[in-house]
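The residues making up each chain are set out below.
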Amino acid sequence: MKRDDRHSQLLVSPGGKLLGSTTIPGDKSLSHRAAMLGAIAAGSSHIRNWLAAGDTEATLGAMRDLGAKIERHDAHTLTIHGGELREADQPLDLKNAGTGIRLLAGIMAGQPFPSVLDGSEQLRRRPMKRITRPLQALGAEIESTDGCCPLRIQRSNLQGATYEMPVASAQVKSAVLLAALFADGPTTVIQPGPTRDHTERMLRSMGVRIDFDEENPDKMTLHPPEKLEPLDLTIPGDFSSAAFLLVAGLLTPDSDLTVTGVNLNPTRTGLLDVLEAMDADIRTTYRSIQAGEAIGDIQVRTSRLKGVEIGGETVVRMIDEFPILMVAALRAEGETIVRDARELRVKETDRIAVMAGELRKMGAEIEEREDGFRILGVQQLSGADVDGHDDHRIAMSMTIAGTVASGETLVTDAACVADSFPGFAKTLIDCGAHIEPA
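Below: a short report on this structure.

Calculation notes
- Residues numbered from 1 in each chain as written.
- Predicted model: local features only at pLDDT ≥ 70, side-chain atom pairs only at ≥ 80, totals over all residues.
- Heavy atoms only, no water.
- Disulfide = S-S within 2.5 Å.
- Buried < 20%, exposed > 50% of the residue type's maximum accessible area, 1.4 Å probe, protein only.
- 1 Å grid on protein atoms, 1.4 Å probe; cavity = no way out; pocket = protein on both sides within 12 Å on 5 of 7 lines; lining within 4 Å.
- Points joined across faces, edges and corners; volume = space filled by probe spheres on them.
- Nonpolar A, V, L, I, M, F, W, Y, C, P; charged D, E, K, R; others polar.
- Helix = DSSP H or I, 4+ residues; strand = E, 2+ residues; numbered from the N terminus.

Take the state of the cysteines next. Under the counting rule described, the total for this entry stands at 0 disulfides. Looking at the unpaired C149, the closest cysteine sulfur is the one in C148, lying at 6.9 Å. Judged by its relative accessible area of 3%, C149 is buried. Left without a disulfide partner, C416 is nearest to the cysteine sulfur of C149, which lies 19 Å away. C416 sits in the buried class, given a relative accessible area of 0%.

On to empty space enclosed by the protein, then. As enumerated under the stated definition, the model contains 2 cavities of 30 Å³ or more in all. Roughly 50 Å³ of internal volume is contained in the largest cavity. Looking at the largest cavity, the residues that line it are S13, P14, G15, G16, L18, A248, T252, T403, L428, A433 and H434. Partitioned by chemical class, the residues of the lining of the largest cavity number 5 nonpolar, 6 polar and no charged. Of the voids in this model, the second largest cavity is the one considered here, and its volume is about 30 Å³. Taken together, F322, P323, M326, L344, R351, M355 and F373 make up the lining of the second largest cavity. Within the residue set of the lining of the second largest cavity, elements represented by two or more residues are α11 (322–330) and α12 (351–360). For the lining of the second largest cavity, the element with the most residues is α11, which contributes 3 residues. Of the residues contributing to the lining of the second largest cavity, the split by class is 6 nonpolar, no polar and 1 charged.

Here you go:
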């Protein structure tokens, strides 16, 4: 589905309390990985609740271009017949998918043929040296274009190595681990602190041996497998998508909302810890495990939040949730300070600057800092015309801001929400929010 087919504007009004229970689309991180790993597994992988969104569709298209045979039973149910990849006839177009291009670079570094990985103008602005350098340390012949994509990868003979990451990054770690599947010996990765561990969990569920150092849990060694076992996986709901609904439920008067079937991987749920520290009324119920990932339900009730200070490893565990945290902080009593979040400046947009700029249109006072921000609440927002900046998390955060502002808010450039949360507006409307897609 092209973006032109999606709602480019959302008109938001306050006053709709959020009640009942709802589900959210499948986890984007797991959907990317399932598409890639299913394509190189030995056998047929069965994937349910796959996220049919802009970024993940780009990854799925790239795997098709590489010769993967994919049956699509419906939008969210796939059978991927794995095997060896083949050289694509053209550059692999990852559209806006930063995770897609960085992880796929790891897989392509181990293939016996050359490839070119490219994407949108937005993706071409995002830094790629963070993955080209570690892949080169394993022996990959890979070139970036002024530190960005297109990436040109030649046929390489990868050697097992030890790579010590200079900064904590799940995408860098994952690119190295995926390349290590094709190396001639074990590869050890040492990270400076914990990061998202979806890649390790999924690989281990597929029979890959990954040893963790008893004295240093951030040191791991992957042993190249003879083959990857296929997946049989129901993908849980994406916590990063749930975050918008959770904050809306906490801020909107008289709300009692439950989001079901959410991925509760502890490397992803830093926002839960922060919201609880802000005195949010949250109840979490664990239900099951899929491919090593915990799944459960999260209930929130309207709460009077208080400001907190956030930094260190918590930042890594909630890096995608800071735009919506800004909205929560504006409605929290006292001071909220975020530090160690410099990574926000190299996402789809400079999310610190863009969120601060758009929220100021609604009357917010925000102190930007190089690696974060400071907000003193409680602040009252006023409806305004704001822009999504072709960044799905910006557009969704500004929509939630509109639900707690006085007066109407028009969110333009909102079609990008479908990059990660198709049906975002309808989900909120069904829960009771006052939103009119335009």
